[in-house]
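Residues per chain, in single letters:
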Amino acid sequence: MLGSSVRVYGLPSAIAVQRDLHDRRYQRPPSVEPSERLRPTGGAEIYSAGPNTERRMPTAKQTLGDFGEKAIVKNCACPKCKRSRTLKQLPPNFKCADLVCDFCGYIAQVKTKSTTDVDSLPKSVLGAAWQPQQERMKAGIYFPLFLVLRDETANKTAVYYLSADLQTPAMFQPRKPLSSSAKRAGWQGFLINVAMVDSLFVRLE
Ligand SMILES: [Zn+2]
């Protein structure tokens, strides 16, 4: 007990807060349903650090994304070091990646999409912000991609994987900037054209 309080209060406050968020995230009881895990009592305040500070409840999209990340953490070995149970979720607002291996340092992105057929890859999945993606591509930076397909009705999940070295600039396609009436006017996202590289994905689960 003494050890843990010394450890936390001895750290700079920003690190202590990060540790607190991390602890809340990983110490949540595994018996709780995925949709229940991010409710306010379970730590939905972690979302208040993001741009939508008024939001306390996770959106359906966040809940689905969290489900996909947890499916990989639970079922997939690290593609780099091949160890099991070493992939961990990064905090929800962490910008470039979603998972990190706490043995070898490998990082990966996860996209999760609802479907009615987990055996078929979708034509495309939504990416995130176009500008940082464009800057990373100019610098030759690509992240391994896990694609989780979820059929809620049939309770089926499939996991596909595309390594970083197989990705090309052409598969990342900018979308139209949001209109001036939108909440985030001018913001521009991108699509990942899965059809363009579907033969390069491998199915893991
Ligand atoms: Zn690893």
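For clarity, every value in this text was computed on a predicted model and none was experimentally measured.

Which residues make up the sheet that holds strand β8 (residues 189-193), and what are the values?
Spatially, β4-β8-β7 is the arrangement adopted by the 3 strands of the open sheet, whose pairing is antiparallel. Edge strands, defined here as strands with exactly one partner in the open sheet, are β4 (124-129) and β7 (172-174). Direction aside, the axes of adjacent strands within the sheet are offset by 35 degrees on average. For β4 and β8, the ladder comprises 4 bridges, and the chain directions are antiparallel.

Provide a residue-level description of the environment of G189, including the pertinent values.
Of note, G189 is situated in strand β8. By C-beta crowding, G189 is classed as partly exposed, having 18 other C-beta atoms within 10 Å. Considered as a pair, G189 and A129 are 60 residues apart in the sequence and their alpha carbons are 4.4 Å apart. Aside from chain neighbours lying at most four places away, what touches G189 is L126, G127, A128, A129, W130 and R175.

Account for the nonpolar core, naming residues and giving values.
Considering soluble globular proteins, one finds that nonpolar side chains tend to be buried as a cluster. Of all hydrophobic cores here, the largest spans 20 residues; its most connected members are I72, V110, F146, L147, V148 and V159. Of all the secondary structure elements, the ones that give two or more residues to this core are α3 (60-75), β3 (107-114), β5 (145-151) and β6 (156-162).

Conventions adopted
- Residues numbered from 1 in each chain as written.
- Predicted model: local features only at pLDDT ≥ 70, side-chain atom pairs only at ≥ 80, totals over all residues.
- Pairing = 2+ DSSP bridges.
- Helix = DSSP H or I, 4+ residues; strand = E, 2+ residues; numbered from the N terminus.
- Axes fitted to C-alpha atoms, helices over the stretch in contact; angles between N-to-C directions.
- Buried ≥ 20, exposed ≤ 12 C-beta atoms within 10 Å, placed from the backbone.
- Contact = placed C-beta atoms within 7 Å.
- Core = buried A, V, L, I, M, F, W, Y, C linked by C-beta atoms within 7 Å.

As far as function goes, none of this settles anything; it's purely spatial.
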